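# Residue-level structure breakdown
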Number of protein chains: 4
Amino acid sequence: MNLRTDLALEERENRNPKGPSRGVVINKKNIDNTVITRIEIKNQKAAEGLKKPVGRYITLESEDFKLSDPESIKKASYLLKSELLKLMKDLSFSSALIVGLGNRSITSDSLGPKVVAKTMVTRHIKNYMPGHLDSDILPVSAISPGVLGITGIETNDIIGAVSQKLKPQLVILIDALASSSPGRLATTIQITDTGISPGSGVGNNRGEISRYTLNTPVIAIGVPTVVDLLSIVRGGNPDTPDSSYEKDYFVTPKEIDRLIENLSKIIANGINLSLHKNIDLEYIESFIS
Amino acid sequence: MNLRTDLALEERENRNPKGPSRGVVINKKNIDNTVITRIEIKNQKAAEGLKKPVGRYITLESEDFKLSDPESIKKASYLLKSELLKLMKDLSFSSALIVGLGNRSITSDSLGPKVVAKTMVTRHIKNYMPGHLDSDILPVSAISPGVLGITGIETNDIIGAVSQKLKPQLVILIDALASSSPGRLATTIQITDTGISPGSGVGNNRGEISRYTLNTPVIAIGVPTVVDLLSIVRGGNPDTPDSSYEKDYFVTPKEIDRLIENLSKIIANGINLSLHKNIDLEYIESFIS
Amino acid sequence: MNLRTDLALEERENRNPKGPSRGVVINKKNIDNTVITRIEIKNQKAAEGLKKPVGRYITLESEDFKLSDPESIKKASYLLKSELLKLMKDLSFSSALIVGLGNRSITSDSLGPKVVAKTMVTRHIKNYMPGHLDSDILPVSAISPGVLGITGIETNDIIGAVSQKLKPQLVILIDALASSSPGRLATTIQITDTGISPGSGVGNNRGEISRYTLNTPVIAIGVPTVVDLLSIVRGGNPDTPDSSYEKDYFVTPKEIDRLIENLSKIIANGINLSLHKNIDLEYIESFIS
Amino acid sequence: MNLRTDLALEERENRNPKGPSRGVVINKKNIDNTVITRIEIKNQKAAEGLKKPVGRYITLESEDFKLSDPESIKKASYLLKSELLKLMKDLSFSSALIVGLGNRSITSDSLGPKVVAKTMVTRHIKNYMPGHLDSDILPVSAISPGVLGITGIETNDIIGAVSQKLKPQLVILIDALASSSPGRLATTIQITDTGISPGSGVGNNRGEISRYTLNTPVIAIGVPTVVDLLSIVRGGNPDTPDSSYEKDYFVTPKEIDRLIENLSKIIANGINLSLHKNIDLEYIESFIS
């Protein structure tokens, strides 16, 4: 059954709900009301099976990601920080470029630009006022490159060009994703070291943004914000054709505007906390405001 | 099967797809790529059957309502004008209050406030600069009262209070509606002389905004912008319970932002053209800008 | 010299910089880096002299109102709360209506609607879920009535109508003001028990919104966000005529967007803290989000 | 007297109001209620005198640029087209990149991003659907690179990187400018073939964006939207020091929001009309919508 999803976790569930997969290591645990699943796709064969590139995928799932009160956001932010640090552990970097993918004027696609707006951007301060920030604060820059339909330019070309110019030692991409299950919308954060690779698990795609295309380590953070209506219908009737009119409709949570605002805080906090040592949410809030 | 819809047309289809209904007169015709269905609910018994108040409902359906080019918008605007004039024919009014219902900061609910922003508001000019506008131009005012969750005030109370103060001779309400069928989203405009009556066809509801509660003729204009996911699932499985999680999800067209902008132009044009004699879209555009 | 200002403090400075005024009591003190001036206009003669109605005016002045970090906002919020409580001391009320005046889509005029968006609106919760909130939490409602040019309706008519319907026991108005001095922009908060009375100190004006027109105690909170360029030019050349082209230009601080966002937080916090007993900023933040 | 301005025309007026300047050719004429001044700075000495690079500057001045009705916008758009074609006459190009400079969330600085949103972006359609557009339609792309304080990246670095990747044969920059005279705000459009060169007339500045830094012909289009309050005060008192507090305040027209929206239409139209042959405003409107 062909259900559209950008989550490695769902690809695996939808394809092979029960049995083990050769070349795929899965590890699941519960922390603080959150289910954390670590999937590692170890070889190209497994990648082709799951239509996702070789690499690590960490999925955090919690209904609490929908809560907007300061305590809940704090808890989620530190959880995300701790999982991001796991992906960063083997990397050595002292600068980063944050990239907010998506269309800022379409609510369900605006997660990336909204995270960028809450990121601690420090590169210019480090450059022009060198003593002004503590040495624990890394130089971080951030762009929202827009989408092909608005710029006429492939997003990976803009990111590639800017990255080549700045030579950041780490690129973090943020994007809104598709899921095949409404229950995962706004309750799931996927982080991966594979970058964004629209279409399939096999490298060198048009549009791929990854350590291979940028020559820099890449971490991608995504949250599913829409389900294709086709996926819902197909859940009940697997034979629904690809051309069915349902492909033009999205399913979103009723409160999508508030939920995306919320998740953009959690993700920006998680990024800020994981990049700079010895800072807390109060420091971030003072910096951003 | 209990599918949520604000369209009289769909209530009828969903309840009694084939046979005739006592007390309901239906008339359908095609004009200019648009299906126009006129439904008249003639008595209280029929009203209870369809859970809609006694009155007239005109539904315009066209895929062309999704087109944003000036020609398509013009065609749709004049079609709407012509149907609005049918509802206005027996009314005698020389002033109007336009009310944009809904939450301006939730895309799918923002149709009303967006129409208000494109309405020719003239009341203050007629009052303070009496000779400035032609006598064909009626005094028109417009408000967007917000929603209960933001104001803490029942919307009908705000409208009732303002209407009692201004004593307009016609009130036009604009609201985003729910449909039970994705294909009707952003392709359907319902106009009715019954007002907005959440819940059922039997008068005096909490929240009702109608000629009975305002003591003024009311025309309501609505466009379905969402389908409850529950309606979709129930289409396949009529026994899905009301408490099912799908009730917290909406189905919308992928381009909902653009489509609502588009429909707000058509509806504002239709209202402006039907209220003021001898004006055209160019005059409206010069006035609004 | 005729300089436009909505601040009682500046009217007094501009008219009578040194000597005492009969019927005007002035008291100035410094608290926490903030100058607090209390002016009481005691009789109609003094009111005519200062072109402001009889009543109390409290002005808080501090460069710190421009700071966006959480600590600075907290300090300013509690200072404002404490001065608001002074105006509320002799009032007995157990419900309130908050009114955000001004045009939400013009930055320098958007203070009122922005405060409304951060107000704890509770009336509907108290009504429909009576036990849900602590008894210390009063029923509060809030509207942004828009401006004459957009609605075609006099703002005081909308407020009067809604107030008559809801019968709140206190009305709080928030508005962006004009000052005659750039240094006061975004650094000054005026609170008064006289309401808003465009034009002069003599009652019953067109547009007046006050305890006399609403039959309810009114507190008005204002922040100067613009200086008429004419006031600047006239500072250097008192003979500049009223019709001079400078009247069509505003002076604003370079960071007006950020400053208004900031002040809207301070004012909303101050209102929330003064209306409901035993709550703190954390409670407010959880409630609003 | 040191008044801040980005207009070559004002630099010349402020420095040398009467006499001729060696190396500067000036030509003034009236077309259709609009004063068009063509200034050519012919050599480096004259450039240093006027603090503007060698090149051509065309200034269009008209109170009509403030009018929002379709006829006025049409007239201004075709006037701008005709002057743009003069700067393009000696260039040979078959692709273009439009760059909207400035901060989209500060009204007075948002001109560039607003023009980008109304630009006919065609590059991706020409690439992926080659036959879909007429051969008169050139491939055009567009970006809004943001500002240093938000991205942490020098704007010229982003533009340089993207331009090097895409190799457009013409770059058009749009930016909000400073004037020294309130009367010029929103009534003046400056177009130049020198690019943007913050600071002085002498090449190779930090931040310069020009044919020399991009290796591509550059046209810059600017509209003054602010006057430094310092310039106003200095007009009356030339000895006001640079550090004076007035430098932190801007003078803008009262209707700045509407005026910028208006000018963004005129400029986008002018660009669209001058880049693509044989199209009119109706075609543009259908394309953009």
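Our subject is the structure listed above.
Read on for a plain summary of the structure.

Definitions and cut-offs
- Residues numbered from 1 in each chain as written.
- Chains lettered and ligands numbered in written order.
- Predicted model: local features only at pLDDT ≥ 70, side-chain atom pairs only at ≥ 80, totals over all residues.
- Heavy atoms only, no water.
- Helix = DSSP H or I, 4+ residues; strand = E, 2+ residues; numbered from the N terminus.
- Rg over C-alpha atoms; globule rule 2.2 N^0.38 Å.
- Contact = heavy atoms within 4.5 Å.
- Areas by Shrake-Rupley, 256 points an atom, 1.4 Å probe, with all protein chains shown as cover.
- Salt bridge = Lys/Arg side-chain N within 4 Å of Asp/Glu carboxyl O.
- Buried area = accessible area lost by both parts, 1.4 Å probe.
- Polar contact = N/O pair within 3.5 Å; in protein donor to acceptor, adjacent residues only side chain to side chain.
- Pairing = 2+ DSSP bridges.
- Phe/Tyr/Trp six-rings, centres within 6.5 Å; stacked < 30°, edge-to-face > 60°.
- Buried < 20%, exposed > 50% of the residue type's maximum accessible area, 1.4 Å probe, protein only.
- Least-squares fit on C-alpha atoms with pLDDT ≥ 70 in both.
- Patch = residues over 30% accessible without salt bridge, like charges linked within 9 Å, V, L, I, M, F, W, Y side chains within 5 Å.
- Lys, Arg positive; Asp, Glu negative; His and termini not counted.
- Charge placed at Lys NZ, Arg CZ, Asp CG, Glu CD.
- Expected span 1.5 Å × (residues − 1).

## Some words on the overall build of chain A
- In terms of regular secondary structure, chain A is built from 11 helices and nine strands.
- Taking 19 Å as the expected radius of gyration for a compact globule of 289 residues, we find that chain A reaches 19 Å, a close match to that expectation.
- Sequence-distant contacts, at least 24 apart, represent 71% of the contacts inside chain A between residues at least 6 apart.
- Summed over all atoms, the accessible surface of chain A reaches about 11900 Å², with 49% contributed by carbon and sulfur.

## Let's talk about the pattern of salt bridges
- Summed over the entire model, instances satisfying the criterion amount to 72 salt bridges over all chains.
- Between glutamate 255 of chain B and arginine 258 of chain B there is a salt bridge, and its shortest N-O distance comes to 2.9 Å.

## A few points about the interface of chain D and chain C
- Contact residues are listed per partner, giving 20 residues for chain D and 20 residues for chain C.
- Interface of chain D and chain C: buried area, both sides summed, is about 1700 Å²; carbon and sulfur atoms make up 56% of it.
- Interface area lost by chain D to chain C is led by Tyr249, Phe250 and Lys254 of chain D, which between them contribute 38%.
- For the pair chain D and chain C, the number of links is two salt bridges.
- The shortest N-O distance in the salt bridge between lysine 254 of chain D and aspartate 228 of chain C comes to 3.9 Å.
- The interface formed by chain D and chain C includes nine residue pairs in polar contact (both at pLDDT 80 or more).
- Looking at the side of chain D that touches chain C element by element, the count peaks at five residues for strand β9 (residues 249-253) of chain D.
- Where strand β9 (residues 249-253) of chain C and β9 of chain D come together, five bridges link them in antiparallel fashion. Residue pairing for β9 of chain D: tyrosine 249 of chain C is matched across the bridge by proline 253 of chain D.

## Notes on the interface of chain A and chain D
- Listed per partner, the contact involves 24 residues of chain A and 24 residues of chain D.
- For the pair chain A and chain D, the summed buried area comes to about 2000 Å², and 60% of that belongs to carbon and sulfur atoms.
- At the boundary of chain A with chain D, the tally comes to four salt bridges.
- Glutamate 154 of chain A serves as the salt-bridge partner of arginine 123 of chain D, at 3.2 Å between the closest nitrogen and oxygen.

## Regarding the packing of aromatic side chains
- Scanning the model with the defined rule gives eight aromatic pairs over all chains in all.
- Ring centres 5.8 Å apart and planes at 80° place the aromatic pair tyrosine 245 of chain C and tyrosine 249 of chain C in the edge-to-face group.
- The interplanar angle of 35° and the centroid separation of 6.3 Å between the aromatic rings of tyrosine 283 of chain D and phenylalanine 287 of chain D together place this pair among those described as tilted. With a gap of four residues between them, tyrosine 283 of chain D and phenylalanine 287 of chain D both fall in helix α11 (residues 281-288), about one helical turn apart.
- Taking relative accessible area as the criterion, tyrosine 283 of chain D reaches 32% and is therefore assigned partly exposed.
- On the basis of relative accessible area, phenylalanine 287 of chain D is assigned to the partly exposed category, the value being 24%.

## Some details on the relation of the copies chain A and chain D
- With an axial shift of 0.0 Å and an RMSD of 0.0 Å, the rotation relating chain A to chain D amounts to 180°. Interpreted geometrically, this transformation is the action of a two-fold axis. In terms of proximity to the rotation axis, the leading residue of chain A is alanine 161 of chain A, whose C-alpha is 2.5 Å off the axis.
- The share of interface residues of chain A whose copies in chain D are also at the interface is 100%, consistent with both copies meeting through the same surface.

## What about the relation of the copies chain D and chain C?
- Its rotation angle being 180°, the transformation that places chain D on chain C also includes 0.0 Å of axial translation and leaves an RMSD of 0.0 Å.
- Looking at chain D, 100% of its interface residues are interface residues in chain C too, so the copies touch through the same face.

## Some remarks on a negative patch on the surface
- A cluster of acidic residues, Glu71, Asp280, Glu282 and Glu285 of chain A together with Glu71, Asp280, Glu282 and Glu285 of chain C, forms a negative patch on the protein surface.
- Tracing the sequence through the fold places glutamate 71 of chain A in helix α3 (residues 70-88).
- A residue is classified by how much of its surface remains accessible, and glutamate 71 of chain A, at 52% relative accessible area, is exposed.

## Overview of unusual backbone geometry
- Within the chain, alanine 186 of chain A stands out as a residue other than glycine whose phi angle is a positive 65°.
- By relative accessible area, which is 3% here, alanine 186 of chain A ends up buried.
- At asparagine 33 of chain D, a residue that is not glycine, the phi angle is positive and equals roughly 70°.
- For asparagine 33 of chain D, the position within the fold is in the loop between β1 (24-31) and β2 (34-41).

## A short note on the environment of threonine 216 of chain B
All names here are of chain B.
- The topology assignment puts threonine 216 in the loop between α8 (211-214) and β8 (218-228).
- Spatially, the C-alpha atoms of threonine 216 and glutamine 169 are 6.0 Å apart, while their sequence positions differ by 47 residues.
- Beyond its immediate stretch of four places on either side in the chain, threonine 216 contacts Ser163, Pro168, Gln169, Leu170, Val171, Ser210 and Arg211.
- Of the polar contacts made by the side chain of threonine 216, one reaches the backbone oxygen of leucine 214; its length is 3.1 Å.

## Observations regarding the side chain of serine 210 of chain B
- Mapped onto the secondary structure, serine 210 of chain B falls in the loop between β7 (188-192) and α8.
- Non-local contacts of serine 210 of chain B, meaning those with residues more than four positions away in its chain, are made with Thr194, Gly195, Asn215, Thr216 and Val218 of chain B.

## What about the environment of isoleucine 221 of chain B?
- Locating isoleucine 221 of chain B in the fold gives a position in strand β8.
- Sequence spacing of isoleucine 221 of chain B and lysine 28 of chain B is 193 residues, and the spatial spacing of their C-alpha atoms is 19 Å.

## A closer look at the environment of proline 130 of chain D
- Its place among the elements puts proline 130 of chain D in the loop between α5 (123-128) and β5 (140-143).
- Using a relative accessible area of 57% as the deciding quantity, one classes proline 130 of chain D as exposed.

## As for helix α10 (residues 256-275) of chain A
- In this model α10 of chain A runs 28 Å from its N-terminal to its C-terminal C-alpha over 20 residues, within 8% of the 28 Å that 1.5 Å per residue would give.
- Across the 20 residues of α10 of chain A, 17 count as buried, placing the element largely inside the fold.

## What to know about the pairing of strand β4 (residues 96-100) of chain A
All names here are of chain A.
- Within β4, five of the five residues are buried, leaving the element largely enclosed by the surrounding structure.
- Of the two faces of β4, both are covered, the one formed by Ala96, Ile98 and Gly100 as well as the one formed by Leu97 and Val99.
- Judged from the four bridges that link them, β4 and strand β5 (residues 140-143) form a sheet pairing that is parallel. The residue of β5 that forms the bridge with valine 99 is isoleucine 143.

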